[in-house]
Amino acid sequence: MVPWWAKGSHKGTSVVVKMENPNWSMVELEAPSEEDFLIGSTPTGSREKLRGKNAKQLTWVLLLKAHRAAGCLTSITSTFLSFGSTVRRRVASGRTDDNDIETDENKAVKTGFYNCIKVFLWLSLLLFCFEVAAYFKGWHFGAPNLQLQYILSVPLGFKDLFDWLYTHWVLIRVGYLAPPLQFLANVCIVLFLIQSMDRLILCLGCFWIRLKKIKPIPKHEAVADLESGEDSFFPMVLIQIPMCNEKEVYQQSIAAVCSLDWPKSRILIQVLDDSDDPMTQLLIKEEVHKWQQEGAHIVYRHRVLRDGYKAGNLKSAMSCSYVKDYEFVAIFDADFQPSPDFLKRTVPHFKDTEDLGLVQTRWSFVNKDENLLTRLQNINLSFHFEVEQQVNGVFINFFGFNGTAGVWRIKALEESGGWLERTTVEDMDIAVRAHLRGWKFIFLNDVECRCELPESYEAYRKQQHRWHSGPMQLFRLCLPDIIRAKISVWKKFSMIFLFFLLRKLILPFYSFTLFCIILPMTMFVPEAELPAWVVCYIPAIMSFLNILPAPKSFPFIVPYLLFENTMSVTKFNAMVSGLFQLGSSYEWVVTKKFGRSSENDLVSLVEKGPKHQRVGSEPNLDKIQADLKQEQKARKTKHNRIYTKELALAFLLLTASARSLLSVQGIHFYFLLFQGVSFLLVGLDLIGEQVI
């Protein structure tokens, strides 16, 4: 009889077993050959010897599996211990988003929003205790109709107090709570489907663009002129670099812009410094002076009063008398590094196209693989540029200016009213006004400009608050102008519904309301139901579509889905603040940068010697490195925060997931569990850069 481990086809190949413990050595085991299984044709002694040999091999395999299992348990234990110690440090530091001095929300508004979430949390805890008690008393229901049948079939006279209370609670749920909750859920589902359809249409449009290889092409004469040098199209170009207290990245942006391949006599670089730190001002001024000595046509401007933030800075720069000599203006934020051929690939599109007002390029990120937060941002922004911006540019000829890495026709800026200080999204404001005046836009997906992503959740959260409160401020201000504008009805509908309402208001509204409030509430009011395709299948499909422009990020599709729902809290709060002009929605908070690419430039400078001009001269290198070290020390003294709203929602979702176990709702349970863990990690600031 053949032993159980000898069944099947086997070959005499060697098996190498490597033990991870250094006390073990590498052992080579010989797999059984076909002769080993010819038990009947071998002597009895040989059989016993073969059995002993196979038993020894099996022992080694079992030891290997036990060793791996022990290593796995050790790893899990150390992970939980590390997580526990991190949580203790967060709690001991006592720093939450409530005591943040530079908060981006008004205290009264923030407290009110947080109190609403706490009400839902305490209500869910109370109901969970009530449901658990009912469960152990025999109230086991799998569907709402069974609940109602059981209640109506049992005489009230034979019930004790708890059964009487639970009976009336179920009747209140059925008659008063479930209908409005189900109605609100259905409304959110409809909005969810509309937004999903919009996302699907955008992806189909992007697929069509790739299939037909559609992309903006400049006039052939302009391209030939640039290559031949005869009758070259080299108009006067003004370049602006607005910055404020960004000493980590100022060198790389100035060096990249000064290295642009464009005639020096036909370009002027304005470094627009709003810094209030004297040391930063001095460093930037020295850098500008250094490039002036190298022959660059560059000037330094500093404002004492930072009125209007970035919009005020750009408006002040455009008021200079020499601006009238320039035809185009290119804008780069302090962390952006255009390639040397940037102007040659963008400015020719303006030739013989008098109604073209803007050429926008896409962003690429030098730190997209720095941590999980930057990887998730890369997924989101890749979809924004390659799908939203490209499709809107090709089929609608309108998209929001990204505020940087773009070239404007100065005449379009002046005719549209110039830079206004009425919102924190001055880039979107000028784009809307220019579109209403009839100017056309072009998006170049194949021209990239390097920049840096926020690496800490605090910086990313403040950035997202500004990006979602500003559009709602702008919508209130420009809605009458859109209605009165002399453009087609389709363009008005596209701008009002698609650009503002669907993508800036409806998306954060249903994302927060449906998945963070309604879904957990349906666990305690099971008469109002959310289908499984709303909870799982449609979000999974949408996440898959979102990740298509960044296929290398496919392993992060589940964290991306959970993180986007987690960020809906910040986006919803910002949307409400901007729409109703609540809190500090007009406050501009500069996104914190760490100068990852500038550090790489320093390394390349040391390797290539002082002849390299992208960063600066050798004597200034020590000072820059000292500043970077000082910044790193300051970063270590900083503390991660605890975000109370996210933590409250984490406990709400985890409580709802525990409640879903009582009704055996598998998909709902897993979604609520993982979403609750996602909120917990974000609430404890365990995503992104860690400083303690």
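An unreviewed UniProt entry lists the chain under the name Glycosyltransferase 2-like domain-containing protein, with Gossypium darwinii given as the organism. Quoted verbatim from the Sequence similarities (unreviewed entry) field of UniProt, the annotation for the chain is "Belongs to the glycosyltransferase 2 family. Plant cellulose synthase-like C subfamily." The UniProt entry for the chain carries the following comment under Subcellular location (unreviewed entry): "Golgi apparatus membrane".

*Asks:* How would you sum up the UniProt feature "transmembrane region" (unreviewed entry) in the chain? Please name residues and give values.
*Replies:* With numbering aligned to this structure, UniProt lists the feature "transmembrane region" (unreviewed entry) at residues 119-136, 183-209, 496-524 and 642-661. For residues 496-524, helix accounts for 100% and strand for 0%, while the C-alpha atoms at its two ends are 37 Å apart. Span residues 642-661 is 90% helix and 0% strand, its end C-alpha atoms 29 Å apart.

*Asks:* How would you sum up the packing of aromatic side chains? Please name residues and give values.
*Replies:* Tallying each qualifying case throughout the model produces 30 aromatic pairs. Relative to Phe 441, the ring of Phe 398 has its centre 6.0 Å away and its plane inclined at 40°; by these criteria the two rings are tilted. Here Phe 398 is found in the loop between helix H10 (372-396) and strand E8 (406-409), whereas its partner Phe 441 is found in strand E9 (residues 440-451), with 43 residues between them in sequence. The same class applies to Phe 398 as to Phe 441, namely buried. Ring geometry for Phe 493 and Phe 497: centres 5.3 Å apart, planes at 15°, overall stacked. You can see Phe 493 and its partner Phe 497 sitting in helix H14 (residues 489-524), four residues apart, about one turn around the helix. Phe 493 sits in the partly exposed class, given a relative accessible area of 43%.

*Asks:* Residue-level account of the pattern of salt bridges, with values.
*Replies:* In this structure the tally under the stated criterion is 24 salt bridges. Across the pair Arg 433 and Asp 429 runs a salt bridge, and its minimum N-O distance is 3.0 Å. One end of the pair is Arg 433 and the other is Asp 429, both in helix H12 (residues 426-436) and four residues apart, which spans about a single turn. Here the two residues Arg 433 and Asp 429 agree in accessibility, since each one is buried. Each of Glu 131, Arg 173, Glu 527 and Arg 659 takes part in one network of salt bridges that share partners.

*Asks:* How would you explain the nonpolar core if you had to name every residue and give the values?
*Replies:* By size, the foremost hydrophobic cluster in this structure holds 89 residues, and its most contacted members are Ile 239, Ile 254, Leu 343, Trp 408, Val 432 and Phe 500. Top element by residues in this core is E9. It accounts for seven residues. Three or more residues apiece are contributed to this core by two domains, here domain 1 (105-200 + 483-594 + 640-691) and domain 2 (237-453). Discounting residues that sit within four places of it in the chain, Phe 500 has contacts with Met 428, Val 432, Pro 471, Met 472, Leu 474, Phe 475, Cys 478, Ile 482, Met 495 and Leu 505. Membership of the second largest hydrophobic core comes to 66 residues, among which are Tyr 114, Phe 524, Ala 650 and Ala 656.

*Asks:* Give a description of the sheet that holds strand E7 (residues 356-365) that names residues and reports values.
*Replies:* What links the strands of a sheet is backbone hydrogen bonding, and the strands pair in either a parallel or an antiparallel sense. Taken in spatial order, the seven strands of this open sheet run E5-E4-E3-E6-E8-E7-E9, and their pairing is mixed. In this open sheet, the two edge strands, each paired with only one partner strand, are strand E5 (298-302) and E9. On average, each strand axis in the sheet is inclined to that of its neighbour by 20°, with strand direction left out of account. Pairing of strand E4 (residues 267-273) with E5 involves five bridges; the strand directions are parallel. In the strand pairing of E5, Leu 272 is matched with Arg 301. The strands touched by helix H6 (residues 250-258) within the sheet are strand E3 (237-243), E4 and E5, with E3 carrying the most contacts at an inclination of about 175°.

*Asks:* Just give me the short version of the packing of helix H4 (residues 161-212) against H14, but keep the residues and values in it.
*Replies:* Between H4 and H14, the least distance of the axes is 8 Å, while the angle of their chain directions is 145°. For the element pair H4 and H14, the recorded crossing hand is left-handed. Among the residues making up the contact of H4 with H14, the classes are represented as 21 nonpolar, three polar and four charged.

*Asks:* Before we move on, could you go through the pairing of E4 and cite the residues and values that matter?
*Replies:* The buried fraction of E4 amounts to seven of the seven residues, a majority that puts the element mostly inside the structure. The alternating pattern of E4 places Ile 267, Ile 269, Val 271 and Asp 273 and Leu 268, Gln 270 and Leu 272 on opposite faces, both of which are buried. Across seven bridges, the pairing between E3 and E4 is parallel. Among the inter-strand pairings, Ile 241 is bridged to a residue of E4, identified as Val 271. At this point the chain moves from E3, through H6, to the parallel E4, and the crossover so formed is right-handed.

Definitions and cut-offs
Note that residues are indexed from 1 along each chain, following the sequence as it is written. Where local features are concerned, this predicted model is filtered to residues with pLDDT of at least 70; where side-chain atom pairs are given and counted, the filter is 80 or more; whole-chain, interface and lining totals use all residues. Values shown for side chains rest on all heavy atoms present in the structure; no hydrogens or waters enter the calculation. UniProt positions are given in the numbering used here, feature names are shortened, and annotations may be inferred rather than shown by experiment. Put simply, DSSP H or I for four residues or longer makes a helix, DSSP E for two residues or longer makes a strand, and each gets a number counted from the N terminus. Stacked, edge-to-face and tilted labels apply to pairs of Phe, Tyr and Trp rings (six-membered ring for Trp) whose centres lie within 6.5 Å, assigned for plane angles under 30 degrees, over 60, and everything in between, in that order. Each residue gets one of three labels from its accessible area relative to the maximum for its type: buried under 20%, exposed over 50%, partly exposed in between, using a 1.4 Å probe on protein chains only. Salt bridge, as used here, is a side-chain nitrogen of Lys or Arg placed within 4 Å of a carboxyl oxygen of Asp or Glu. Residues enter a nonpolar core if they are buried and are Ala, Val, Leu, Ile, Met, Phe, Trp, Tyr or Cys, with the set joined through side-chain atoms within 4.5 Å. As annotated, the domain borders come from an automatic or database domain assignment. Here, residues are in contact when the closest pair of their heavy atoms is within 4.5 Å. At least two DSSP bridges between two strands are required for those strands to pair. Every axis in this analysis is a line fitted to C-alpha atoms, fitted for helices over the stretch in contact. Angles between the N-to-C directions lie between 0 and 180 degrees. In this scheme the crossing of two helices becomes right-handed for a clockwise turn of the near helix relative to the far one and left-handed for an anticlockwise turn of less than a right angle. Polarity classes work like this: nonpolar for Ala, Val, Leu, Ile, Met, Phe, Trp, Tyr, Cys and Pro, charged for Asp, Glu, Lys and Arg, and polar for all others, with Gly in that last group. With strands facing away from the observer, any crossover in which the path from the first strand over the helix to the second runs clockwise is taken as right-handed.

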